[in-house]
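# Architecture at a glance
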Amino acid sequence: TTFEGGDHNAWFTKCQRRVEEAAETVQLNEALFASQKSDQDSKLNLLRGEVKMETNVLHLVKTTLQDMQYQVDRSEFASIAAKENLLTLENQWNISDTSNNGVVGSFVSPRVSVCPTCKQPMAEDHSHEHLQSEIDASLNIALEKVQKSTQT
């Protein structure tokens, strides 16, 4: 029999050839897609690795910043405490020349003639010398702490 003016077998063969060509095209497109997908997956995995590495670096930087802020806070606290201690000693021993406009310098140890505790006159003897050396030592230590705290 004939189909649209032609042989049914020829028409069927022609259709079968078109289906085979379409199948080949589909296979080529699938292979191309698989290859492109593989390339994109490789690039994506590289990017994921970079993101993870940068995230780790960011975490390290944040941790370092927190540690540095902690050190700054501690240094500020130590500086304030050292200056307060020095001020307390200055007031205790009636000394006003250990700092000059907020800049810590040296001091001239006062000559103590009255006991700071009982307010009795002190004689020039061993106890006077001992008290004088205690004053000198406490002020020197306080000055060193202030100077050290302002250097860090």
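Scroll up a little and you will see the structure.
Residues numbered from 1 in each chain as written. Predicted model: local features only at pLDDT ≥ 70, side-chain atom pairs only at ≥ 80, totals over all residues. Heavy atoms only, no water.

## Considering the overall build of the protein chain
- Along the backbone of the protein chain there are two helices and four strands.
- Secondary structure elements of the protein chain occur, N-terminal to C-terminal, as β-β-α-β-β-α.
- Scored against the burial criterion, the 152 residues of the protein chain give a buried share of 15%.
- If you take every contact in the protein chain between residues at least 6 apart in sequence, the share linking residues at least 24 apart comes to 48%.
- For the protein chain, the computed accessible surface area is about 12300 Å², with 57% contributed by carbon and sulfur atoms. (Helix = DSSP H or I, 4+ residues; strand = E, 2+ residues; numbered from the N terminus. Buried < 20%, exposed > 50% of the residue type's maximum accessible area, 1.4 Å probe, protein only. Contact = heavy atoms within 4.5 Å. Areas by Shrake-Rupley, 256 points an atom, 1.4 Å probe, with all protein chains shown as cover.)

## Considerations on the environment of Ser149
- Here Ser149 is to be found in helix α2 (residues 126-151).
- On a C-alpha basis, the gap between Ser149 and Ala82 in space is 7.4 Å, while along the polypeptide they are 67 residues apart.
- Not counting residues up to four positions away in its chain, the partners in contact with Ser149 are Ala78, Ser79 and Ala82.

## Examining the nonpolar core
- Of all hydrophobic cores here, the largest spans eleven residues; its members are Ala82, Leu86, Leu89, Trp93, Ile95, Leu131, Ile135, Leu139, Ala142, Leu143 and Val146.
- Those elements giving two or more residues to this core turn out to be α1 (8-93) and α2.
- With six residues, α2 is the single largest residue contributor to this core. (Core = buried A, V, L, I, M, F, W, Y, C linked by side-chain atoms within 4.5 Å.)

## Focus on the pattern of salt bridges
- Counted under the stated rule, the structure contains one salt bridge.
- Of the charged contacts, one joins Lys37 and Asp41 as a salt bridge, the two residues approaching to 2.9 Å between their closest N and O atoms. Remark: Asp41 and Lys37 occur in helix α1; sequence separation between them is four residues, near one turn of the helix. (Salt bridge = Lys/Arg side-chain N within 4 Å of Asp/Glu carboxyl O.)

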